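What the coordinates show
The lines below spell out each chain.
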Amino acid sequence: MIRRILPAFRMGALVAGTLAISVCWASPGVAATSAAAVPSTGKPVHLTAFEYRLLHLMNHDRAVRGLRPLTITPCAEDFARRWAKSMATRNVLQHNPALSAMWSSANCRDASMLAENIGRSGASADAVYVAYLHSPQHRANILNPKLRYVGIGAWKRGDGTVYNTIDFSNGGSPKYVTVKRLGQGLRVP
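Now for a look at the structure at hand. (Residues numbered from 1 in each chain as written. Predicted model: local features only at pLDDT ≥ 70, side-chain atom pairs only at ≥ 80, totals over all residues. Heavy atoms only, no water.)

Let us now look at the nonpolar core. Counting residues in hydrophobic clusters, the biggest one holds 25 residues, and the most contacted among them are Met58, Val150 and Phe168. When residues of this core are traced back to their parent elements, those giving at least two are helix 2 (49-64), strand 4 (113-121), helix 4 (125-134), helix 5 (136-143), strand 5 (149-156) and strand 6 (162-169). Top contributing element to this core by residue count: helix 2, with 5 residues. By size, the runner-up hydrophobic cluster in this structure holds 7 residues, among which are Ala76, Phe79, Leu99 and Trp103. (Core = buried A, V, L, I, M, F, W, Y, C linked by side-chain atoms within 4.5 Å. Buried < 20%, exposed > 50% of the residue type's maximum accessible area, 1.4 Å probe, protein only. Helix = DSSP H or I, 4+ residues; strand = E, 2+ residues; numbered from the N terminus.)

Shown next as structure tokens:
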């Protein structure tokens, strides 16, 4: 049985209001290039600059508290990217109603616990991360020692708004080793 930890499924309007950040300074947003490939439970994963920054910020806050770092898992990365793009395309901030399908036997099957943070920002990964930290439920997902695996998706709309999904789990899948969805603008497999 999978335990779902989704902050504020019933608080959709509050979450959307809390995480819809507009910041006035310029930032790179979802850059078309990635940082170096990061280790994962499978093959190394190339992240967009936005995705990489979120991973860095989360792992920094976990390290300060003596927690193990989050590790990218390819199946969660594909789900997060797909959902971020879906939200951006529809211009809607909502949790993925099919999130539990991610942990089916065909996907991230070795997990019994999952959580999801979603947000949007008009400026940067740092802005949406600050919003996550100010929300007790989202902060709890980031700092939960049982949730050690993650997928991070970010998709930038033409108006500059970046939609973001972070899917957390307590396991990955030894068979799902390659990310099938490239981040927005990435050209490396």
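There's more to say after this.
For helix 2, with 16 residues, the first-to-last C-alpha span of 22 Å sits near the 22 Å given by 1.5 Å per residue. Within helix 2, burial applies to Phe50, Glu51, Leu54, Leu55, Leu57, Met58, Asn59, Asp61 and Arg62. Next to the buried residues of helix 2 lie strand 3 (71-72), helix 3 (74-90), helix 4, helix 5, strand 5 and strand 6. Immediately downstream of helix 2, the backbone of Gly66 shows phi near 75°, a positive value. (Expected span 1.5 Å × (residues − 1). Contact = heavy atoms within 4.5 Å.)

Let us now look at the side chain of His95. The topology assignment puts His95 in the loop between helix 3 and strand 4. The buried category is assigned to His95, whose relative accessible area is 7%. Within polar-contact distance, the side chain of His95 engages the side chain of Glu116 at 3.0 Å. (Polar contact = N/O pair within 3.5 Å; in protein donor to acceptor, adjacent residues only side chain to side chain.)

So far we have only geometry, and geometry alone does not tell us how the molecule works.
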